[in-house]
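Fold and geometry: a report
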Amino acid sequence: MKWVEAKVIIDYSLYQDMDTAIALVSDIYYDIGLNGVSVESPEYDPKADWAKDAAPMPEHYAVIGYFSKNSRLPENCRYLEAALSRINENQGIITQVIYTDMDEEDWAESWKKFFYPRKISDRFVIKPTWREYQANPGETILEIDPGMAFGTGTHPTTRLCIQLMEAYLKPGDTFLDVGTGSGILMIAADRLGAGHLTGIDKDEDAVAIAIENLAQNQIAPEKYAVKSGHLADKVSGKYDFIAANILTEVILILLADIPALLKSDGIFICSGIIGDKRQWVMDEMVKRGLAVYETRAEEDWIAFAAGLTKTPRA
């Protein structure tokens, strides 16, 4: 299969709130349907930490996504360029997009060069399987090989989810991850003491990647189930803890199913919500009988913890 790398370079000299700019550009890719992007930054130097084999520092801030070279490619490129024009008009963010054709082998390896171990909470470090890292006292390593386009686990939305899991997940909780991608939230749930783990993703390749990552982290096969399906269509039973790190518009659809899937004292967390859409999600939660326990933000991303009772369980 052929691929096209779409690299959006952001002009730092004219727009210096780079966190917001990166979030807005990333959101365009997610709207198109990509599950993950890579970000190049001239400020973050992995060689200063632990990466002896680090690639040269990038010269520009850039957000990179990969499109399949298929019949949807022209439509995806037009959508990307139109959305970039809108954020230029509305936010003053000047960008340049560069397209590069890639073969399968180059495509599979190109995004890895800037993916290094990253501490995402007080406890957890996400480590690519092909990098070396010695854990410090108190750190828990999550081994991850996201494959292509399933996310590295270091995006702010993932960090927010894991931080909320640290705050609310109880040992023995049954855990459901909707839109599991690389399986990173399932792995974190296991390390936090969760009971049986269930993951669902619409992409069969993501399901395979998640299963590989769960095995890489030595989670017993009988402890989890990962299946392909649309949101909660193939999910039954009730869960102590449900997580969804997906697009705002998809969360709004999923919320209709949450009351039936969540135990009466269960916890629902969601992220992938850009700042200006937070009220949409809060309003829909109230409509579905959910109480919002906590809101967390990083950069321009929002995450919620909610449940069916007025206050979270002790």
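Described in the following lines is the structure provided in the data block. (Residues numbered from 1 in each chain as written. Predicted model: local features only at pLDDT ≥ 70, side-chain atom pairs only at ≥ 80, totals over all residues. Heavy atoms only, no water.)

Digging into the pairing of strand E6 (residues 124-128)
One face of the sheet, then the other: side chains in a regular strand alternate in exactly this way. How we decide: Summary of the burial criterion: residues with accessible area below 20% of their type's maximum are buried, those above 50% are exposed, and those between are partly exposed, where the area comes from a 1.4 Å probe applied to protein chains only. Every helix listed is a DSSP run of H or I at least four residues long, and every strand listed is a run of E at least two residues long, numbered separately from the N terminus. Pairing between strands is defined by DSSP: at least two bridges between them are needed.
Most of E6 sits out of view: five of its five residues are buried. On E6, burial covers both faces: Phe124, Ile126 and Pro128 on one face and Val125 and Lys127 on the other are all buried. Between the antiparallel neighbours strand E5 (residues 118-119) and E6 lie four residues. In this sheet, strand E7 (residues 140-144) lies alongside E6 in parallel orientation, the contact comprising five bridges. Bridge pairing in E7 places phenylalanine 124 opposite threonine 140.

Describing the side chain of arginine 313
Heads up, the rule is: Identification of polar contacts relies on pairs of N or O atoms within 3.5 Å, with a donor-acceptor requirement for protein atoms, meaning one able to donate a hydrogen and the other able to accept it, and with residues adjacent in sequence counted only if both atoms are side-chain atoms.
As for its position among the elements, arginine 313 is in the segment after strand E14 (301-307). Here the side chain of arginine 313 touches tyrosine 168 through a polar contact of 3.2 Å, landing on its backbone oxygen. Polar contacts involving the side chain of arginine 313 include one to the side chain of aspartate 173, which spans 2.4 Å.

Here's the deal with the pattern of salt bridges
Condition: Here, a salt bridge means any side-chain nitrogen of Lys or Arg that lies within 4 Å of a carboxyl oxygen of Asp or Glu.
For the structure on display, the rule yields 14 salt bridges. The salt bridge partner of glutamate 139 is lysine 119, with a shortest N-O separation of 3.2 Å. Of the two residues, glutamate 139 is situated in the loop between E6 and E7 and lysine 119 in strand E5; the sequence distance between them amounts to 20 residues. With a shortest N-O distance of 3.3 Å, glutamate 143 and lysine 127 are connected by a salt bridge. Note that glutamate 143 is positioned in strand E7 and lysine 127 in strand E6, a separation of 16 residues in sequence. Classification of glutamate 143 as buried rests on a relative accessible area of 17%. Three or more residues joined by partner-sharing salt bridges are found here, namely Asp27, Glu249 and Lys277.

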